[in-house]
Amino acid sequence: MIEFLFFIEVVVAGLLAGTMYSLVALGFVLIYKASSTFNFAQGAMVFFAVLAFVGFMELGMPFVVAFIATCLLMVFVGFCTERLVLQPLMNQNEDTLLMATIGLGFVLEGLAQAVWGVEVRRLDLGIGDFPIMWIVDNFGLFISALDLTASLVAAVLIIGLALLFKYTKMGLGLRAVADDPGAASSIGIPLKNIMLLVWSAAGVVALVAGMMWGARAGVQFALVDLALKALPVLIIGGFSSIPGAIIGGLIIGASEKVLEVYLGPYFGGGIEGWAPYVLAIFFLLYRPEGLFGEKIIRRV
Amino acid sequence: MHAKSVFMGYTKDDVSKFVLLMVLAFVVVPLVVETEYWYSSILIPWLCLALAAVGQQIVMGFAGQLALGAAGFMAAGAFACYNFILRVPDLPFFGALVLSGLVAAAFGVLFGLPSLRVRGIYLMVATLASQFFIVWMIDKFGWFKNYDTSGIITAQDIVIMGKTFTSPMEMYFVIVVVVTVLTLLAINMARGSTGRNWMAVRDMDIAAESMGISLLKTKLQAFAICAFYCGVAGALFAFTYLKSLEPVAFDIKLSFKILFMVILGGLGTISGAFIGAVFILLFPVLLNSVGNNVFHGAIDATIISSIEQVVFGVLIIVFMIYEPLGMAKLWENIKQKIQSKLS
């Protein structure tokens, strides 16, 4: 029974940690859905956003002001990206765009470090990374408050985005663009504004993801590597599906923890580093489009 | 304007260019460059990384497979070479080099398998697995490091035919020989039927398949050859530049560096790999010396390296927008402009 409880605990901890990956993956999906651009810079955006946030806090801004300031900054970053990178590269093939976003990622990482320095910073959200006593007492499970908060925040974000896409005019335009950019712009949907909206939304999502990760692991460059783990999440969930990003994150989070706890000791640990990627490869072999992705059809 | 070929389809122009380069590498450089710094900090790493970039070029520039695991293959090659020399008595250095390249090639085939199903970003993620897995494996299993606990293993001396190559200039000669042979091979493959198959797959794999080109064979071949080049480059890198073996030296940052060399240098050209490597290697040196001499160290070293990152990123974006074929093409264009002005 104790062993089973322990297993449940590992799985739950993994699932909750997985929502943190989902948060990063969400930003990728937003941009991919609207523009079929794979934004490799999303990880860098996470790093950039949270470093900016901590930087603003250090200037003495209160929490809310710093949050809003960072959001505005991310909108500005989105604006610049749209004008300076995406527009000149319109109608280029995917690989070119992907490489350009790798470049963008380097620019953001470099800028963030040049402005705010390289030292590791602590981010205190007032939520501890320790088990909640109430759950320990009632269910006997050790579940971190931060994990739980992260998953709640993820849920709120997703519901918010879903409402935004479903009920606003902008959202309708966005879905039209995602469906067929050519047709959408021919009936007068402002493509530029839609892209700006998407990149801004991705920026804000990046900020939230960064805050959660930063509270756990400290605000540091390693966040970029953590964000890389969102890639296998996307492969499993599919690039164009928001539910896919969530489920993919949960699968990666849970399997990573279970593998580490039960298989790790046989290999001397540390398999968390590559297990998600290998898992993603197996998914790729059976379902290249991911669980919820659109079927890939290629013609000559 | 078809020049007559004089040797294996190469024109007189090609041959004279090759002879010129060889004279430059074997006679002029050793005569002109005397400081050890230039050999050990610039020429040696340049040639090693350029060789890895040639491998990356083959898989990415010619076969069109977006791979991001060059450093992983380099690590495999470096540690294979260390173990071959350590465990096989009387194995000549070049033999160990070839064998370590083959070990890396085996990894290349293994992690190239996903390329049969996926492309683009999907493939990139799959190749990331190789990067993380290989480095983790070397780090975790003591056997690869000969149960060394200090974390840093000193590389053995390079012994060829009883002579020990220890000074930077001697090592430089060893590398030049290897790089020359492998580069010539790469050029030959690229312009032969092998290379044409790669390019057909790159430009449209379904069309290539319907023309009777085996995707399985072509893609895996490209991955194997890429990994072979990276493996040899990694072994040389560890034995001549780092002079030690540590898995952390082959982290994802190195993979990105090699990717950038290929993108900035120019996709689909062998010379692009060398041009890109020169740029990626020399630019930080230049930036550092500007920081030290112009600002007299007023700018922090970490800030300089951040600026370097920003510049690389901006350059990639700019090249993607204005000249997706990179510096090699840019150079070509400048040459043509000058020629047309002159005539």
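Residues numbered from 1 in each chain as written. Chains lettered and ligands numbered in written order. Predicted model: local features only at pLDDT ≥ 70, side-chain atom pairs only at ≥ 80, totals over all residues.

**Q** Sorry if this is basic, but what is going on with the overall build of chain B here?
**A** The number of helices and strands found in chain B is 13 helices and six strands. Here the C-alpha atoms of chain B give a radius of gyration of 20 Å, agreeing with the 20 Å that 2.2 N^0.38 yields for 343 residues. Its C-alpha atoms give chain B principal-axis dimensions of roughly 60 × 55 × 45 Å. Split into buried and exposed, the 343 residues of chain B put 45% on the buried side. For chain B, contacts bridging at least 24 residues in sequence account for 76% of all contacts bridging at least 6. (Helix = DSSP H or I, 4+ residues; strand = E, 2+ residues; numbered from the N terminus. Rg over C-alpha atoms; globule rule 2.2 N^0.38 Å. Buried ≥ 20, exposed ≤ 12 C-beta atoms within 10 Å, placed from the backbone. Contact = placed C-beta atoms within 7 Å.)

**Q** It is not clear to me how the packing of helix α2 (residues 36-62) of chain B against helix α6 (residues 168-191) of chain B should be interpreted in this structure. Could you clarify?
**A** In a pair of packed helices, the angle between the axes and the distance between the axes together describe the arrangement. Residue and element names in this part refer to chain B. The geometry of α2 relative to α6 is characterised by a closest axis approach of 10 Å and an angle of 20° between their N-to-C directions. As the angle between them shows, α2 and α6 are arranged roughly parallel. Of the two elements, α2 crosses α6, and the hand of that crossing is left-handed. Across from E36, Y39, S40, L43, I44, L47, C48, A50, L51, V54, I58 and F62 in α2, the residues of α6 making contact are P168, M169, M171, Y172, I175, V176, V179, L182, T183, A186 and A190. Looking at the contact of α2 with α6, its residues break down into 20 nonpolar, two polar and one charged. (Axes fitted to C-alpha atoms, helices over the stretch in contact; angles between N-to-C directions. Parallel < 35°, antiparallel > 145°, perpendicular 65-115°, else oblique. Left-handed = near helix turned anticlockwise from the far one by under 90°. Nonpolar A, V, L, I, M, F, W, Y, C, P; charged D, E, K, R; others polar.)

**Q** Any chance you could explain the interface of chain A and chain B here in plain terms?
**A** Interface size is often expressed as the accessible area that is lost when the parts come together. In this assembly, 40 residues from chain A lie in contact with 34 residues from chain B. Broken down by secondary-structure element, the contributors of at least two residues to the side of chain A that touches chain B are α4 (94-116), α11 (230-237) and α14 (275-286) of chain A. Top contributing element to the side of chain A that touches chain B by residue count: α4(A), with 17 residues.

**Q** Explanation requested: helix α6 (residues 145-167) of chain A in the structure shown.
**A** Since one α-helical turn is 3.6 residues long, residues separated by three or four positions face the same way. Residues and elements named next belong to chain A. Helix length check: α6 (23 residues) gives 33 Å between terminal C-alpha atoms against 33 Å at 1.5 Å per residue, within 8%. Buried residues of α6: L146, D147, A150, S151, A154 and F165, and no others. Its buried side turned inward, α6 meets α1 (2-35), α7 (169-179) and α9 (191-217). (Expected span 1.5 Å × (residues − 1).)

**Q** Looking at this structure, I do not really get the domain arrangement of chain B. What am I missing?
**A** When its domains are assigned, chain B resolves into domain 1 (1-32) and domain 2 (33-342). Spacing between the C-alpha centres of domain 1 of chain B and domain 2 of chain B amounts to 24 Å. (Domains from an automatic or database assignment.)

**Q** What is the right way to read unusual backbone geometry from this model?
**A** The phi torsion of most residues other than glycine is negative, and most of the peptide bonds are trans. Residues and elements named next belong to chain B. Even without a glycine there, the phi angle at D90 is positive, about 60°. Secondary-structure assignment places D90 in the loop between α3 (70-87) and α4 (93-112). Taking the number of C-beta atoms within 10 Å as the measure of exposure, D90 has 5 and is therefore exposed. Phi is positive for K243, which is not a glycine, with a value near 60°. Mapped onto the secondary structure, K243 falls in the loop between α9 (215-242) and β6 (244-245).

**Q** Hey, could you run me through the environment of B:F173 in this one?
**A** Residues and elements named next belong to chain B. Structurally, the position occupied by F173 is in helix α6. Of the residues examined, F173 has 15 C-beta atoms within 10 Å and is grouped as partly exposed. Along the backbone, F173 and L24 are 149 residues apart, and their C-alpha atoms lie at a distance of 12 Å.

**Q** For this particular structure, what's the right way to read helix α10 (residues 252-265) of chain B?
**A** Residues and elements named next belong to chain B. Relative to the 20 Å expected for 14 residues at 1.5 Å per residue, α10 spans 20 Å between its end C-alpha atoms, a close match to the ideal helical length. For α10, the buried fraction is high: ten of the 14 residues fall into the buried class. All buried positions along α10 are accounted for by L254, S255, I258, L259, F260, M261, V262, I263, L264 and G265.

**Q** I would appreciate a short explanation of the environment of A:G290 in the present structure.
**A** Residue and element names in this part refer to chain A. Note that G290 resides in the segment after α14. A sequence separation of 182 residues divides G290 from L108, and the C-alpha atoms of the two residues are 29 Å apart. Filtering out sequence-adjacent residues up to four positions away, G290 remains in contact with I235, I236, G237, G238, F239 and G244.

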